Amino acid sequence: MKKLITALKRAAAAGAAALAIISLQPLSSAQAAPAPVVGGTRAAQGEFPFMVRLSMGCGGALYTQQIVLTAAHCVSGSGANTSITATAGVVDLQSTSGRVQVRSTRVLQAPGYNGTGKDWALIKLAQPINLPTLKIATTTQYNTGDFTVAGWGSAREGGAQQRYMLKATVPFISDATCKAYGGYYSGLVAGEEICAGFASGGVDTCQGDSGGPMFRKDNAGAYIQVGIVSWGDGCARANAPGVYSEVSTFASAIASAASTL
Ligand code: ARG
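Residues numbered from 1 in each chain as written. Predicted model: local features only at pLDDT ≥ 70, side-chain atom pairs only at ≥ 80, totals over all residues. Heavy atoms only, no water.

Peer 1: I'd love a proper account of the overall build of the protein chain, names of residues and values included.
Peer 2: Along the protein chain, the regular secondary structure elements total five helices and 15 strands. Out of the 261 residues in the protein chain, the part that is buried amounts to 56%. In the protein chain, 70% of the contacts between residues at least 6 apart in sequence involve partners at least 24 apart. Counting every atom, the protein chain has about 9800 Å² of accessible surface; 53% of that belongs to carbon and sulfur. (Helix = DSSP H or I, 4+ residues; strand = E, 2+ residues; numbered from the N terminus. Buried < 20%, exposed > 50% of the residue type's maximum accessible area, 1.4 Å probe, protein only. Contact = heavy atoms within 4.5 Å. Areas by Shrake-Rupley, 256 points an atom, 1.4 Å probe, with all protein chains shown as cover.)

Here's what the structure looks like:
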């Protein structure tokens, strides 16, 4: 089991900081045929209107109509940055109908990010995108149950990025259970990361899904973001769940950072 410590193409775009990330990526393998996001299915047009595809090869979600919440390992630092294009409004990245593309103006990488935990970042857009935003969890109460993940990342370990958004459902895994998988998982930052997936594998996020949201419904039936795709040992392997930034932990920091953009 190898997991390279790089975020692939994202590393190049993302620079040094990304190198420290624990994303895994494989190149090994022969694995059974895949389905989307690895074990997923296609999302319907408009189903998750807050989803964003970022040009460096990551996902994200509209935190506000002009700020995208993504992963720290998807960006190279903080400051003025007009190099990123955010695409939203479509499940098919090649469809021009309903597609909105806006450039970035600034990036804010989580303060103190060093490759372990704190894997969140904000991207300010040149113009607001007129689509629904995804609210973030501000307490731990929704850090349980079944979660939805979605993105345009690989549908199998080592596979290609996807044209159509894929989605899947993955269950919460406790910190204790997750750490007990050993290896990279021993280093789980319990207060900053949440694991999700099946012990048997088969369903997971994968390279290129990074930065995208993990979400569920709140008690009022509205979607609420509880995680940000961060890393895993390979993709969809048995006893190697996906690891997501624990959004509730960073909710205040995200809000104050957003207010400075
Ligand atoms: N770090 C990866 C990326 O840059 C995402 C890895 C998610 N892996 C997983 N097994 N859930 O796209």
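Peer 1: Can you explain helix 5 (residues 247–258)? Please cite residues and give values.
Peer 2: Helix length check: helix 5 (twelve residues) gives 14 Å between terminal C-alpha atoms against 16 Å at 1.5 Å per residue, more than 12% under. When we look at burial in helix 5, the residues that qualify are Val247, Ser248, Phe250, Ala251, Ile254, Ala257 and Ala258. On an axial view of helix 5, the arc spanned by its buried residues comes to 150°, and they lie on one face. (Expected span 1.5 Å × (residues − 1). Arc of directions from axis to C-beta.)

Peer 1: Explain the pairing of strand 6 (residues 85–88) to me, using residue names and the numbers behind them.
Peer 2: Of the two faces of strand 6, the one holding Thr85 and Thr87 and the one holding Ala86 and Ala88 are both buried throughout. In terms of strand pairing, strand 2 (residues 51–54) meets strand 6 through three bridges, oriented antiparallel. If you follow Arg53 over to strand 6, its bridge partner there is Thr87. Note that strand 6 and strand 7 (residues 100–109) share four bridges and pair antiparallel. Looking at strand 7, one finds that Ala88 is bridged to Val100. (Pairing = 2+ DSSP bridges.)

Peer 1: So what's going on with the pattern of salt bridges? Which residues, and what values?
Peer 2: On inspection of all chains with the given rule, the structure shows six salt bridges. Note that Arg163 is salt-bridged to Asp92, the shortest N-O span being 2.7 Å. Residue Arg163 is located in the loop between strand 10 (146–151) and strand 11 (166–173), and its partner Asp92 is located in the loop between strand 6 and strand 7; the two are separated by 71 residues in the primary sequence. Two residues, Arg237 and Asp233, come together in a salt bridge whose shortest N-O distance is 3.4 Å. Side by side, Arg237 and Asp233 carry an identical accessibility label, which is buried. Connected via shared salt-bridge partners are Glu157, Asp233 and Arg237. (Salt bridge = Lys/Arg side-chain N within 4 Å of Asp/Glu carboxyl O.)

So, to be careful, I would describe these as geometric facts and stop short of saying anything about function.
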